[in-house]
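Structural overview
Listed below, chain by chain, are the residues.
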Amino acid sequence: MDRLARILGVGAGVLLAIGLWMGLVQAPPDAVQGDVQRIMYIHVPSILTAYLAFTVVLVASIAYLLRGSRGWDRLAHASAEVGVVFTGITLATGSIWGKPTWGVWWTWDARLTGTAVLFLIYVGYLMLRSVVDDRDRAGRYAAVVGILGFFDIIFTHMAVKWFRTLHQASTLEKGAIDPALYLPLMVNLGAFVTLYIYFLLRRVRLGTLEEAVEAEVLGG
């Protein structure tokens, strides 16, 4: 597992270097937005990776409630932590893009609001775990939050279709962007997903060690 994590860490670093060079240097500026559009190469992969992380939380939470295995709970906990990081990156880069594009750092647009709520849900998920002393009870409570929180992903992603919003439609829809911009976006998405898996494996490993130390202390 440690060897796989090291390989993934190196792979993520290489992909990030290539992807960011392609997006920030090689790719042409957007015909309408100019160079500010380049924030897309971080913004879009970060939210899609967050979606992936919270989908893993959903699956692992359901499995934990059904089977009660600590392994599933550790996986859900680890994935939630990493997902919160990527959601935070999404909000930060979105604000950086919004200021020159919309003239404001923040507006209560449906998709922006949905993303902020998503961030708060899973921050709350992590806080819930920290205030409940019993691990199994904390895991069950958090699993319910993790499952319910997933529905906000659906709302956030579909908000541009359901409401009249400032936020543009999905960048990944067929024909939405030029191939010269699409390729570096896909490379960066691959880099972010690889980085997510690397962080996930490391955090699961850390969680396993934390529980082992706690068990030893209580047993001693």
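Just above, that's the structure.
Every chain is numbered on its own, with residues counted from 1 as its sequence reads. Confidence filtering applies because this is a predicted model: local features only for residues at pLDDT of at least 70, side-chain atom pairs given and counted only at 80 or more, and all residues used for totals across whole chains, interfaces and linings. In computing side-chain properties, one takes all heavy atoms of the structure into account and sets aside hydrogens as well as water.

A helix here means a DSSP run of H or I that spans at least four residues, while a strand means a run of E at least two residues long, and both kinds are numbered starting from the N terminus. Helix and strand counts for the protein chain stand at 6 helices and 0 strands. When the helices and strands of the protein chain are listed from N to C terminus, the series reads α-α-α-α-α-α. Within the protein chain, counting contacts between residues at least 6 apart in sequence, those at least 24 apart form 76% of the total. Contact definition: two residues touch when any of their heavy atoms are within 4.5 Å.

One can find Arg 129 in helix H4 (residues 110-131). Contacts described as polar in this section are N or O atom pairs within 3.5 Å, which, within protein, must combine one atom able to donate a hydrogen with one able to accept it, while residues neighboring in sequence count only if both atoms come from side chains. Here the side chain of Arg 129 touches Asp 73 through a polar contact of 2.5 Å, side chain to side chain. Ignoring sequence-local partners within four residues, the contact set of Arg 129 consists of Asp 73, Ala 76, His 77, Ala 138, Gly 139 and Ala 142.

Moving on, we get to the packing of aromatic side chains. The pairing test for Phe, Tyr and Trp rings, Trp by its six-membered ring, is centres within 6.5 Å, and the orientation test on the planes gives stacked under 30 degrees, edge-to-face over 60, and tilted for anything in between. This structure, assessed with the given rule, holds 4 aromatic pairs. On the basis of an interplanar angle of 45 degrees and a centroid distance of 6.0 Å, the ring pair of Tyr 122 and Tyr 125 is categorised as tilted. In this pair, Tyr 122 and Tyr 125 are both assigned in helix H4, 3 residues apart and thus about one turn of the helix distant. Throughout, exposure labels follow a simple rule: accessible area from a 1.4 Å probe, protein chains only, divided by the maximum for the residue type, with under 20% read as buried, over 50% as exposed, and the rest as partly exposed. We classify Tyr 122 as buried; its relative accessible area is 0%. Chaining the aromatic ring pairs together yields one cluster made of Phe 54, Tyr 122 and Tyr 125.

Moving on: helix H1 (residues 2-26). Between the first and last residue of a helix there are one fewer steps than residues, each counted as 1.5 Å, and that sum is the expected span. Over its 25 residues, H1 extends 34 Å from the first C-alpha to the last, a length consistent with the 36 Å expected when each residue adds 1.5 Å. Listed in full, the buried residues belonging to H1 are Ala 5, Leu 8, Ala 12, Gly 19, Met 22 and Gly 23.

Below, the discussion takes up the pattern of salt bridges. Should a side-chain nitrogen of Lys or Arg be within 4 Å of a carboxyl oxygen of Asp or Glu, the pair is scored as a salt bridge. Scanning the model with the defined rule gives 5 salt bridges in all. One continuous salt-bridge network, built from bridges that share partners, spans Arg 70, Asp 73, Arg 129 and Asp 136.

Attention now moves to the packing of helix H2 (residues 40-67) against helix H3 (residues 70-102). A pair of packed helices is captured by two measures, namely the crossing angle of their axes and the spacing between those axes. In this description, a line fitted to the C-alpha atoms serves as the axis of each element, helices being fitted only across the stretch in contact, and the angle between N-to-C directions of two axes falls anywhere from 0 to 180 degrees. One way to put it is that H2 packs onto H3 with a least axis distance of 7 Å and a crossing angle of 160 degrees. The angle between H2 and H3 falls in the class roughly antiparallel. Crossing of H2 over H3 shows left-handed handedness. Gly is put with the polar residues, along with every residue not named as nonpolar or charged; the nonpolar set is Ala, Val, Leu, Ile, Met, Phe, Trp, Tyr, Cys and Pro, and the charged set is Asp, Glu, Lys and Arg. Partitioning the contact of H2 with H3 into residue classes produces 17 nonpolar, 10 polar and 3 charged. Should an angle fall under 35 degrees it is called roughly parallel, over 145 degrees roughly antiparallel, and 65 to 115 degrees roughly perpendicular, with every other angle called oblique. Helix crossings are classified by the rotation of the near helix relative to the far one: an anticlockwise turn of less than a right angle makes the crossing left-handed, while a clockwise turn makes it right-handed.

Right, let's get into the environment of Gln 37. Positionally, Gln 37 belongs in the loop between H1 and H2. The class of Gln 37 is buried, set by a relative accessible area of 4%. Along the primary structure Gln 37 and Leu 181 are separated by 144 residues, whereas in three dimensions their C-alpha atoms are 9.9 Å apart.

Moving on, we get to the layout of surface pockets. Here a cavity denotes grid points, spaced 1 Å and computed from the protein atoms alone, that fit a 1.4 Å probe unable to get out, and a pocket denotes an open set having protein on both sides within 12 Å along at least 5 of 7 lines; residues with an atom within 4 Å of a point are the lining. Grid points are joined across faces, edges and corners, and a volume is the space filled by probe spheres set on the points. In this structure, the second largest pocket occupies an estimated 250 Å³ of space. Arg 70, His 77, Arg 129, Arg 135 and Glu 211 are the residues nearest the centre of the second largest pocket, which is lined by 18 residues in total. Of all the secondary-structure elements, those providing two or more residues to the lining of the second largest pocket are H3, H4, helix H5 (135-162) and helix H6 (179-219). Taken together, the residues of the lining of the second largest pocket sort by class into 5 nonpolar, 3 polar and 10 charged.

A few words now on the packing of H3 against H4. Their axes nearest at 9 Å, the elements H3 and H4 cross at an angle of 150 degrees. Relative to H4, H3 is oriented roughly antiparallel. Classified by chirality, the crossing of H4 by H3 is left-handed. Of the residues in H4, those in contact with Asp 73, Ala 76, His 77, Ala 80, Glu 81, Val 84, Thr 87, Gly 88, Thr 90, Leu 91 and Trp 102 of H3 are Leu 112, Thr 115, Ala 116, Phe 119, Tyr 122, Val 123, Tyr 125, Leu 126 and Arg 129. Of the residues that constitute the contact of H3 with H4, the class distribution is 12 nonpolar, 5 polar and 3 charged.

What follows deals with H3. Compared with an ideal rise of 1.5 Å per residue, which puts 33 residues at 48 Å, H3 spans 46 Å between its outermost C-alpha atoms and is within 8% of the ideal. Directly after H3, the chain includes Gly 103, whose backbone phi takes a positive value near 90 degrees.

Note on terminology: a nonpolar core comprises buried Ala, Val, Leu, Ile, Met, Phe, Trp, Tyr and Cys residues joined through side-chain atoms within 4.5 Å. One finds Phe 54, Phe 86, Tyr 122, Tyr 125 and Tyr 196 to be the most contacted residues of the largest nonpolar core, which totals 27 residues. Sorting the residues of this core by element identifies H2, H3, H4, H5 and H6 as the ones contributing at least two each. With 6 residues, the next largest nonpolar core counts Met 40, Tyr 41, Leu 181 and Leu 185 among its residues.

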